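Structural features, examined
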Amino acid sequence: MKATFLTKAYEFKELEIDEPKISKPDDVIIDVKYVGICGTDMVSYQGKHELLTFPRVLGHEFSGIVTVIGEGVKNVKPGDYVTVEPLVTCGICKPCKIGDYNVCEDMKVLGVHVDGACQEKVLINADRVFKLPPGTSLKEGAMIEPLCVSLEISRRGQLSIEDTLVIFGAGVIGLCVLKVAKCIRARRIISIDISDDKLKIAKNLGADYVINPIRDNVEQAVAEITNGKGASLVIEASGAEEAIKTCWTVTAYRGRVVIIGFYKSPLVQIPPIHIVKKELDIYGSRLYRNRFPLAIDLLARKEVTLIDLISHEFMFDQIDLAMKTALNPAEKTLKVVIKKDK
Ligand SMILES: [Zn+2]
Ligand SMILES: [Zn+2]
């Protein structure tokens, strides 16, 4: 079968490799159909991912059809449309033991530490395979992973109906957080991004206020919206250093800040005075744990749709073009997906 390896920065090679075979009772083989391209993949493509080694098959957001299952598999059967929680965890470290496997000390993410979905078939442990709900297409199914990232962020930040929420970044993750906040019926949602196009989407998805830092003073604007109180929850999903500098001033006393962005430089300056004076709680958020069943239930009940976040679609063999498109701001992409079949 064919597998597409990133052999070095900016270079993909399609190679012929052996098909996966069932060796354990809980193995599942999936015929991959759609793969989403994520910020992480773009970092890898540019050769800037610190944890990635070459050659590597990218792809951790994907959907496909089950072809073969091991004798012990109960949750899916051949022909099922599925998505995958793309993690391989050790199961024995302390975080794993207490169920916090998203921070496994020996975490391996598909497409980063081990080969991912940009190949014809993948072999996955049944525990990580989730059947798509009726009415969810394979294309939309590839978007469940980013929704899970956002559900984890929302849990970390204890997002509730009482919150005035600021979301820095209106990319796929920021918009998924917005969708979750709408589900929870958060009081006020303020979306911040430097792209007016993205802010327009945020507005359409129900953001009460949008702020473009290129035009507006973010601190002043948030102060006006919140009667000078600030936001009870601030989510930094932009990865922009300006945003992480501004987080602390727009957060209310006793507010919470969740950071999920990756920043260009390993060191960013933050003013500790606000954290101390206002007793802010600061959370990092990584991947997800036990969020796939919830995400799938939200889709099944039509409380969330994801298909509207997919802006571009390419064929598997156009992966290089797909990456270049995703990296080009002029293309105004949201989620770029690649697909196997026409
Ligand atoms: Zn991703
Ligand atoms: Zn572990």
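Residues numbered from 1 in each chain as written. Chains lettered and ligands numbered in written order. Predicted model: local features only at pLDDT ≥ 70, side-chain atom pairs only at ≥ 80, totals over all residues. Heavy atoms only, no water.

1. As for the layout of surface pockets
Put simply, the rule is: In this analysis, the protein atoms alone were mapped onto a 1 Å grid. Cavities are point sets where a 1.4 Å probe fits without being able to get out; pockets are open sets with protein on both sides within 12 Å along at least five of seven lines; lining residues have an atom within 4 Å of a point. Grid points are joined across faces, edges and corners, and a volume is the space filled by probe spheres set on the points. Helix numbers and strand numbers start at the N terminus; a helix is a DSSP run of H or I with at least 4 residues, a strand a run of E with at least 2. The nonpolar class holds Ala, Val, Leu, Ile, Met, Phe, Trp, Tyr, Cys and Pro. Asp, Glu, Lys and Arg form the charged class, and all remaining residues, Gly among them, are polar.
Within this model, the second largest pocket holds a volume of roughly 350 Å³. Elements supplying a minimum of two residues to the lining of the second largest pocket: strand S6 (87-88) and strand S8 (121-125). Considering each element in turn, the lining of the second largest pocket owes the most residues, 3 residues, to S8. Here the residues of the lining of the second largest pocket are counted per class, giving 8 nonpolar, 2 polar and 7 charged.

2. A word on the coordination of the zinc ion (ligand 2)
Quick note on the threshold: Think of the donor list as every N, O and S atom within 2.8 Å of the metal, or within 3.2 Å for Na, K and Ca; water never makes the list, so a site can look incomplete. Sites are called tetrahedral only when four donors show all angles between 85 and 135 degrees, square planar or octahedral only when four or six donors show opposite pairs over 155 degrees and all other angles between 65 and 115, and irregular in any remaining case. Three labels apply to residues, based on accessible area from a 1.4 Å probe with only protein chains included: buried if under 20% of the type maximum, exposed if over 50%, partly exposed otherwise in between.
Here the zinc ion (ligand 2) is held by Cys90 (SG), Cys93 (SG), Cys96 (SG) and Cys104 (SG), and the distances to it run 2.3 to 2.4 Å. Around the zinc ion (ligand 2), the 4 donor atoms are arranged such that angles at the metal cover 102 to 120°; this shape is classified as tetrahedral. Written as a sequence motif, the donor residues of the zinc ion (ligand 2) are C-x2-C-x2-C-x7-C. Cysteine 96 sits in the buried class, given a relative accessible area of 13%. Of the residues examined, cysteine 104 reaches a relative accessible area of 4% and is grouped as buried.

3. Description of the packing of aromatic side chains
Rules: Paired rings are identified among Phe, Tyr and Trp, the last through its six-membered ring, by centres lying within 6.5 Å, and are further divided according to the angle between planes into stacked (under 30 degrees), edge-to-face (over 60) and tilted (the rest).
The full count for this structure, using the stated rule, is 4 aromatic pairs. Ring geometry for tyrosine 10 against tyrosine 45: centres 5.0 Å apart, planes inclined by 75°, an arrangement best described as edge-to-face. Pair noted here: tyrosine 10 is in the loop between strand S1 (2-8) and strand S2 (11-16) and tyrosine 45 is in helix H1 (residues 39-45), with a separation of 35 residues, a long-range link. These aromatic residues form a ring-pair network of at least three members: Tyr10, Phe12 and Tyr45.

4. Side note on the sheet that holds strand S14 (residues 251-259)
Using the following cut-off: At least two DSSP bridges between two strands are required for those strands to pair. The angle between two axes is taken between their N-to-C directions and runs from 0 to 180 degrees, where each axis is a line fitted to C-alpha atoms and a helix contributes only its stretch in contact. Contact between two residues is taken to exist if any of their heavy atoms lie within 4.5 Å; hydrogens are not considered.
Here 6 strands make up an open sheet; going across it, the order is S12-S11-S10-S13-S14-S15 and the pairing parallel. The outermost strands of the open sheet, each flanked by one partner alone, are strand S12 (209-211) and strand S15 (281-284). Mean inter-strand twist for the sheet, computed between neighbouring axes without regard to direction, equals 15°. Across 5 bridges, strand S10 (residues 164-168) lies against strand S11 (residues 188-192) in parallel orientation. The residue of S11 that forms the bridge with threonine 164 is arginine 188. Against the sheet, helix H6 (residues 196-204) engages S11 and S12, with an angle of about 170° to S12. Sheet contacts for helix H7 (residues 218-225): S10, S11, S12 and strand S13 (231-236); angle to S12, the most-contacted strand, approximately 165°.

5. Topic: H7
Note the cut-off: This arc is taken over the directions from the axis of the helix to the C-beta atoms. Contacts described as polar in this section are N or O atom pairs within 3.5 Å, which, within protein, must combine one atom able to donate a hydrogen with one able to accept it, while residues neighboring in sequence count only if both atoms come from side chains.
Those residues of H7 that sit buried are Val218, Ala221, Val222 and Ile225. Buried residues of H7, viewed axially, fall in a sector of 95°; they line one side. Among the exposed residues of H7, those pointing more than 90 degrees away from its buried face are Gln220 and Glu224. Considering only its buried residues, H7 is in contact with S10, S11, S12, S13 and helix H8 (241-250). Its side-chain oxygen 3.0 Å from the backbone nitrogen of glutamate 219, asparagine 217 forms the N-cap of H7. Asparagine 227 sits one or two residues past H7 and shows a positive phi near 55°.

6. Here we look at the side chain of histidine 312
With respect to the helices, strands and loops of the structure, histidine 312 is situated in strand S16 (residues 310-315). Here serine 311 takes part through its side chain, which lies 2.8 Å from a polar atom of the side chain of histidine 312. Once residues lying within four places of it in the same chain are set aside, the contact partners of histidine 312 are Thr325, Glu331, Lys332, Thr333, Lys335, Val336 and Val337.

7. Points about unusual backbone geometry
With an omega of -10°, the peptide bond between phenylalanine 54 and proline 55 qualifies as cis. Along the chain, proline 55 turns up in the loop between H1 and strand S4 (61-69). If you check the backbone angles, glutamate 279 has positive phi at about 50° while not being a glycine. Counting through the fold element by element, glutamate 279 comes out in the loop between helix H9 (272-277) and S15.

8. Comments concerning the domain arrangement of the protein
Convention followed: Segment limits for the domains were obtained from an automatic or database-derived domain assignment. For any pair of parts, buried area is found by adding up, for both, the accessible area (1.4 Å probe) each one loses once the two are put together. Every case where a carboxyl oxygen of Asp or Glu lies within 4 Å of a side-chain nitrogen of Lys or Arg is listed as a salt bridge.
Assigned domains within the protein: domain 1 (2-143 + 306-339) and domain 2 (148-284). In this structure, domain 1 and domain 2 have C-alpha centres spaced 28 Å apart. Taken together, the contacts link 9 residues of domain 1 with 10 residues of domain 2. For the pair domain 1 and domain 2, the two sides together bury roughly 690 Å², of which 71% comes from carbon and sulfur. Between the two partners, domain 1 and domain 2, sit 2 salt bridges. Two residues, lysine 332 and aspartate 197, come together in a salt bridge whose shortest N-O distance is 3.2 Å.

9. Points about the coordination of the zinc ion (ligand 1)
The coordination sphere of the zinc ion (ligand 1) contains the protein donors Cys38 (SG), His60 (NE2) and Glu61 (OE), at a distance range of 2.1 to 2.4 Å. Sequence spacing of the donor residues for the zinc ion (ligand 1), all on one chain, is C-x21-H-E. Remark: histidine 60 occurs in the loop between H1 and S4 and cysteine 38 occurs in the loop between strand S3 (27-37) and H1; sequence separation between them is 22 residues. Given a relative accessible area of 15%, cysteine 38 falls into the buried group.

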